[in-house]
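Notes for the structure review
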Amino acid sequence: MNAAAVCGLLVAFVPERLNNAQVCAFSLLAAIQASQQGQPPIHFTAAVMMFVLLGCVARFCANKTLAYLPQEHERLKERFRRR
């Protein structure tokens, strides 16, 4: 979850790569485009990793959270496990 949170922050604060059409439409983006030259696609990579990590958490940790289910909902445990 911590790694997914770091990836989420990168997605939020590192802009996507800009193309020339976007820069022509809004000239203030030229500085951002210039700073992105030669850099790896951080935004895209972080977004993919965030969703992969969240998927792993959902897949491998879902059953662990069923232990926290209140006693009055114990009969719903199997329904929650399937979903």
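Use the structure listed above.
Below you will find a few notes about this structure. Since the structure is predicted, the reported quantities are computational estimates derived from the model, not experimental observations. (Residues numbered from 1 in each chain as written. Predicted model: local features only at pLDDT ≥ 70, side-chain atom pairs only at ≥ 80, totals over all residues. Heavy atoms only, no water.)

1. Notes on the overall build of the chain
For clarity, the threshold we go by: Labels follow the DSSP assignment, with helices taken as runs of H or I lasting at least four residues and strands as runs of E lasting at least two, numbered in each case from the N terminus. Exposure is judged per residue with a 1.4 Å probe applied to protein chains only, and the accessible area is read against the type maximum: over 50% gives exposed, under 20% gives buried, and values in between give partly exposed. A contact between two residues is defined here by any heavy atoms of the two lying within 4.5 Å. Per-residue accessibility takes into account occlusion by the displayed protein chains alone, with areas from the Shrake-Rupley method and a 1.4 Å probe. None of His or the chain ends enter the tally, which takes Lys and Arg as positive and Asp and Glu as negative. By convention, the charge on Lys lies at NZ, on Arg at CZ, on Asp at CG and on Glu at CD.
Looking only at helices and strands, one finds five helices and zero strands in the chain. Helices and strands appear in the chain in the N-to-C order α-α-α-α-α. Dimensions of the chain, computed from the C-alpha atoms along their principal axes, are close to 60 × 20 × 15 Å. Here the chain holds 83 residues, and 14% of them are scored as buried. Excluding contacts between residues fewer than 6 apart, the proportion of contacts in the chain whose partners are at least 24 apart in sequence is 49%. Accessible surface, the chain as shown: approximately 6,700 Å² in total, 64% of it carbon and sulfur. Mean positive and mean negative side-chain charge positions of the chain (9 and 4 charges, respectively) differ by 5 Å.

2. A few points about a nonpolar patch on the surface
What counts, and what does not: The patches reported here contain residues having more than 30% relative accessible area and no salt bridge. Joining distances are 9 Å for like charges and 5 Å for nonpolar side chains (Val, Leu, Ile, Met, Phe, Trp, Tyr). Any Lys or Arg side-chain nitrogen found within 4 Å of a carboxyl oxygen on Asp or Glu counts as a salt bridge.
Side chains of Met1, Phe51 and Leu54 sit close together on the surface and give an oily, nonpolar patch of about 340 Å² of accessible area. One can find Phe51 in helix H4 (residues 42–65).

3. Considerations on H4
In plain terms, the rule: Given a helix with a known number of residues, its expected span is that number minus one, times 1.5 Å.
In a regular helix each residue adds 1.5 Å, so 24 residues correspond to 34 Å; H4 covers 32 Å between its end C-alpha atoms and thus fits that length. The complete set of buried residues in H4 reads Ala46, Ala47 and Met50. In this fold, the buried residues of H4 make contact with helix H1 (2–13).

4. Here's the deal with the environment of Leu18
Note that Leu18 resides in the loop between H1 and helix H2 (20–25). In sequence terms Leu18 and Ile32 are 14 residues apart; their C-alpha atoms lie 7.9 Å from each other.

5. A word on the packing of H1 against H4
The following threshold applies: As a rule, the C-alpha atoms of each element are fitted with a line to give its axis, helices using only the stretch in contact, and angles between N-to-C directions run from 0 to 180 degrees. Angles are sorted into four bins: roughly parallel if under 35 degrees, roughly antiparallel if over 145, roughly perpendicular if 65 to 115, and oblique for all others. Less than a right angle of anticlockwise turn of the near helix away from the far helix marks a crossing as left-handed, whereas a clockwise turn marks it as right-handed. Any residue that is not Ala, Val, Leu, Ile, Met, Phe, Trp, Tyr, Cys, Pro, Asp, Glu, Lys or Arg is counted as polar, Gly included; the first ten are nonpolar and the last four charged.
In the contact formed by H1 and H4, the axes pass within 8 Å of each other and the chain directions differ by 150°. Relative to H4, the element H1 lies roughly antiparallel. Between H1 and H4 lies a crossing of left-handed hand. Of the residues in H4, those touching H1 at Ala3, Ala4, Cys7, Gly8, Leu10 and Val11 are Ile42, His43, Ala46, Ala47, Met49, Met50, Leu53 and Leu54. Here the residues of the contact of H1 with H4 sort into twelve nonpolar, two polar and no charged.

Remember, this is a structural readout, not a statement about activity or role.
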